[in-house]
Amino acid sequence: MREALDQLKQRLFEAYDLAMVRSLLNWDQTTYMPKGGAPARGRQISLIGRRAHEAFTHVEIGRLLDQLEPLAASLPPDSDDAALIKVTRREYDRATRVPSSFVAEMSQHVAATYQAWTVARPANDFASIRPMLEHTVELSRKYADFFPGWKNVADPFIDHDDHGMTVATIRPLFDSLRKGLVPIVQAIAAKPPTDDSCLRHTAPIEAQLAFGLDVIRRFGYDFERGRQDLTHHPFMTKFSLGDVRITTRSRENDLTDSLFSTLHEAGHAMYEQGIRRDFEGTPLANGTSAGVHESQSRMWENLIGRSRPFWEHFYPKIQASFPAALRDVSVDTFYRAINKVEPSLVRTDADEVTYNLHVMIRFDLEIQLLEGKLAVADLPEAWNARYKSDLGVQAPDHRDGVLQDVHWYGGHVGGAFQGYTLGNILSAQLFRAAVMAKPSIQSETREGTFESLRGWLRENVHQHGAKYTADELTRRATGGPLAIEPYLDYLWDKYAPLYGLKAGERGAVPAGA
Ligand code: ZN
C-alpha cells in the first residue's frame, strides 16, 4: 500500500505544482505585467492549465485510487491517508466526468465573456453582453448534465465549492436567516442615518498600506511566507504553502477601504499558511470549502477588525497615521462610521447587516436562470425588482445593478455566491466557540494581540486543510452543525446598542435556528 500511496502522491504533486505555476502567471498578470504581455500570457495560462488538468486526470491516478480504496477501508477513520484517498477520489471523479473538449470550449467562452464584461460594465451596456451570458447559462446547464443524480441543476456547482450543501439544504437556512435579518434592517432604517463623512478624507496611500500591514502582522500573517501587492480586485493566491500572497487596492479618498480588504485577504491567507506542511502537493493542501474560507476572512475583517475592542487599541494609532483626517474625530464617531448600516446597491460595499440580502438575491436568480425559469433577457428587470422588494433600493443603471459582480461574466452560472453567506454564518459560530474555549481573546484584542484566537483557529480549522468536510470541521470545532443563531445574536448584540434598538424590535428569532 505504501508504494501505491507514494506513487499517487508523486503524481498529485506534479498536478499541484502545475496548478501553482498557473496561479503565479495569473498573479503576475493582475499585478505587474505590462499590457503588452497580455496575448502571450493568455496562451501560457491556458497551456499550463491544460497540463495541470491532464496531470490530475491521468488514468494512472484512477488506477492507483482503485487499488488503494479497498485498503483505505482498514485505516483508522481519522487517518490522513484515508482522507487523502477520499478527497482525491471526489475531485478526480469530478474532473474526469467533464470531457476536455468541453473544458476548452467553456474556458474559451469565459475568457471572451470576461473581456467583454470589462468593457460592458463601465459602458453600462448589458445588451452587448447579453448573448454571451445566454451562452454561459447554456454551457452551465450542459456542465450540470455531466453530473446526473442531483435534485437541482445548481447542485453540482454548489457541491463543487461547498461540498455537502445543496439547494435543498441552503434554502431553509437562508429563509430562516432572512426572517431574522429583515426586522433588524427595518428597525435600523427607521433610525437617523449614521454620519460616516470622517472616512471620506484624503489620506496618503503609502500610509494606508503601512497601517494595514502593521495590523495583519499582529494578526499573525507570516511575511516570510507571503507578501502584499496592489491590484484592481483584491484576492489571495498561493504558489505553495510557503508562499501565500495577498493583494489590495487603495482609494485616496477612502480611509478604510484598503484596510478592510487587507484584513479580509489576510484572513484567507492565514488559513492557507496554517495548513499542515506535510499536506503540501495534495488536494488536502487547500481550504476545505468556499464557506469555511470566507468564515476566516470575514472573522478577521468584521468580528475583529470592525469591533469596539479592536479599535480601543488601534484607534490612537490610526489617528497618528492620518492626523489631518482623524485628529478631531472621537473613537465612537469612527466606530459608528465603519459600522454604518444602509441598504445599498453594491454587494462588495455592503455592511454586515444587509450583506446577506445581496447574496440571497444572486443565489435565487442564478438558480432560476439554470432552471430555465428566468430568461437572461429578463434578468435586469428581475434583479431590479428584487433590489426594490428586498433592500428598497433601485439601481440607476446596470453598472451597479446586474453587471456589478464578475462571477457570472468570469465563470459559469451557479454556486458562486452561497459561500459568502455560509462564511458569515460560520464566522460567528466559530468565534463563539473560540471565545468560549479561550476567554482571553477579548482582552487580547483590546491590547492588539491575537495569539489565542490565531492559535485556536490554527488548531481547530487551519491545520486540517481539506482533510475534513465543512460539516465535519464545524461539528469538531463547535460541537454542532452549522447554525444561524450565533450569527444573528452577534449582529443583534453589536447593532442594537449602535442604533439604540429595543428588544421588541428584533422580531422573533426563527425556530430551529
Ligand atoms: Zn473572501
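Residues numbered from 1 in each chain as written. Predicted model: local features only at pLDDT ≥ 70, side-chain atom pairs only at ≥ 80, totals over all residues. Heavy atoms only, no water.

Some words on the overall build of the protein
Phase 1: A tally of regular secondary structure across the protein gives 21 helices and 3 strands.
Phase 2: For the protein, whose C-alpha radius of gyration is 23 Å, the value lies close to the compact-globule estimate of 24 Å for 513 residues.
Phase 3: Taken over the C-alpha atoms alone, the protein extends approximately 65 × 55 × 50 Å along its principal axes.
Phase 4: Buried residues in the protein amount to 55% of all 513 residues.
Phase 5: Here the contacts in the protein between residues at least 6 apart in sequence split such that 73% fall between residues at least 24 apart.
Phase 6: Total accessible area computed for the protein in this model is approximately 21,800 Å², and 53% of it derives from carbon and sulfur atoms.
Phase 7: A gap of 1 Å separates the mean positions of the 59 positive and 67 negative side-chain charges of the protein. (Helix = DSSP H or I, 4+ residues; strand = E, 2+ residues; numbered from the N terminus. Rg over C-alpha atoms; globule rule 2.2 N^0.38 Å. Buried < 20%, exposed > 50% of the residue type's maximum accessible area, 1.4 Å probe, protein only. Contact = heavy atoms within 4.5 Å. Areas by Shrake-Rupley, 256 points an atom, 1.4 Å probe, with all protein chains shown as cover. Lys, Arg positive; Asp, Glu negative; His and termini not counted. Charge placed at Lys NZ, Arg CZ, Asp CG, Glu CD.)

What about the coordination of the zinc ion?
Phase 1: Note on the zinc ion: its protein donors are His264 (NE2), His268 (NE2) and Glu294 (OE). The metal-donor distances range over 2.1 to 2.4 Å.
Phase 2: Since its relative accessible area comes to 11%, His264 is described here as buried.
Phase 3: Owing to a relative accessible area of 7%, Glu294 belongs among the buried residues under this scheme. (Donors = N, O, S within 2.8 Å, 3.2 Å for Na, K, Ca; no water.)

Some words on the nonpolar core
Phase 1: Residues Phe219, Trp311, Leu326, Phe334, Trp408, Tyr409 and Leu453 are the most contacted members of the largest nonpolar core, which totals 125 residues.
Phase 2: Summarising the domain contributions, this core has at least three residues from each of domain 1 (2-149) and domain 2 (167-505).
Phase 3: If near-sequence neighbours (up to four positions away) are discounted, Trp311 is found in contact with Phe211, Leu259, Phe260, Gly305, Arg306, Pro316, Ile318, Val331, Phe334 and Ile338.
Phase 4: The next biggest cluster of nonpolar side chains, apart from the first, holds 25 residues, and it includes Ala15, Ala55, Phe56 and Ala83. (Core = buried A, V, L, I, M, F, W, Y, C linked by side-chain atoms within 4.5 Å. Domains from an automatic or database assignment.)

Overview of the environment of Leu12
Phase 1: Position of Leu12 among the secondary structure elements: in helix α1 (residues 2-31).
Phase 2: On the accessibility criterion, Leu12 (3% relative accessible area) is buried.
Phase 3: With 328 residues separating them in the primary sequence, Leu12 and Lys340 have C-alpha atoms 47 Å apart.

Topic: the sheet that holds strand β3 (residues 243-248)
Phase 1: Pairing within the open sheet is mixed, and its 3 strands lie in the order β1-β3-β2. Either end of the sheet is taken by a strand with one partner, and the two such strands are β1 (228-230) and β2 (236-240). Taken over all neighbouring pairs, the strand axes of this sheet differ in orientation by 30° on average, direction set aside.
Phase 2: Its contacts with the sheet put α1 on β1, β2 and β3, and the angle it makes with β2 is roughly 135°.
Phase 3: Relative to the sheet, helix α10 (residues 257-273) contacts β1, β2 and β3, its axis offset from that of β3 by approximately 165°. (Pairing = 2+ DSSP bridges. Axes fitted to C-alpha atoms, helices over the stretch in contact; angles between N-to-C directions.)

Comments concerning the domain arrangement of the protein
Phase 1: We note that the domain assignment places domain 1 (2-149) and domain 2 (167-505) within the protein.
Phase 2: Computed from C-alpha coordinates alone, the two centres of domain 1 and domain 2 are separated by 26 Å.
Phase 3: Counting residues at the interface gives 40 residues for domain 1 and 49 residues for domain 2.
Phase 4: Of the roughly 3,700 Å² buried at the junction of domain 1 and domain 2 (both faces included), carbon and sulfur atoms supply 64%.
Phase 5: Inspection of the domain 1/domain 2 interface yields 6 salt bridges.
Phase 6: Across the salt bridge formed by Arg276 and Asp80, the nearest N and O atoms sit 2.5 Å from each other.
Phase 7: Between the two partners, domain 1 and domain 2, sit 17 residue pairs in polar contact (both at pLDDT 80 or more).
Phase 8: Secondary structure elements with two or more residues in the side of domain 1 that touches domain 2: α1, α4 (80-97), α5 (100-120) and α6 (126-145).
Phase 9: A class-by-class count of the residues in the side of domain 1 that touches domain 2 yields 21 nonpolar, 9 polar and 10 charged. (Buried area = accessible area lost by both parts, 1.4 Å probe. Salt bridge = Lys/Arg side-chain N within 4 Å of Asp/Glu carboxyl O. Polar contact = N/O pair within 3.5 Å; in protein donor to acceptor, adjacent residues only side chain to side chain. Nonpolar A, V, L, I, M, F, W, Y, C, P; charged D, E, K, R; others polar.)

A closer look at the pattern of salt bridges
Phase 1: Enumeration according to the criterion identifies 46 salt bridges in this entry.
Phase 2: When the shortest N-O distance is used, the salt bridge between Glu312 and Arg308 registers 3.9 Å. A residue pair is termed a helical-turn pair when its members lie 3 or 4 positions apart in one helix, as Glu312 and Arg308 do in helix α12 (residues 308-321) at 4 residues.
Phase 3: If you follow the salt bridges from partner to partner, you end up with Asp196, Arg200, Arg249, Arg251, Asp254, Asp257, Lys340 and Glu342 in one network.

Quick notes on the packing of aromatic side chains
Phase 1: Applying the stated criterion across every chain, the model contains 28 aromatic pairs.
Phase 2: Judged by centre distance (4.9 Å) and plane angle (90°), the ring pair of Tyr221 and Phe223 falls under edge-to-face.
Phase 3: The class for Tyr221 is buried, based on a relative accessible area of 2%.
Phase 4: Given a relative accessible area of 28%, Phe223 falls into the partly exposed group.
Phase 5: Grouping aromatic residues by their ring pairs yields a cluster made of Phe211, Phe219, Trp300, Phe310, Trp311, Phe314, Tyr315, Phe334 and Phe450.
Phase 6: We note Arg298 situated over the ring of Tyr355; from NZ or CZ to the ring centre the distance is 4.2 Å.
Phase 7: Lying over the aromatic face of Tyr335, Arg308 brings its terminal NZ or CZ to 5.7 Å of the ring centre. (Phe/Tyr/Trp six-rings, centres within 6.5 Å; stacked < 30°, edge-to-face > 60°. Lys NZ or Arg CZ within 6 Å of the ring centre and 35° of its normal.)

Observations concerning unusual backbone geometry
Phase 1: Of note in the backbone geometry, Asn124 takes a positive phi value of approximately 60° without being a glycine.
Phase 2: Looking at the secondary structure, you find Asn124 in the loop between α5 and α6.

Details of helix α14 (residues 331-338)
Phase 1: Of the positions making up α14, those classed as buried are Phe334, Tyr335, Ala337 and Ile338. Relative to the axis of α14, the buried residues are bounded by an arc of 160° and lie together on one face.
Phase 2: Looking at the packing, one finds that the buried side of α14 touches α10, α12, α13 (323-326) and α21 (485-499). (Arc of directions from axis to C-beta.)

Re helix α20 (residues 470-478)
Phase 1: Along α20, the residues that are buried comprise Ala470, Leu473, Thr474 and Ala477. One face of α20 carries all of its buried residues, which in axial projection span an arc of 100°.
Phase 2: Buried positions along α20 lie against α11 (290-304), α17 (418-437) and α19 (451-460).
Phase 3: Positive backbone phi, approximately 85°, marks Gly479, located one or two places after α20.

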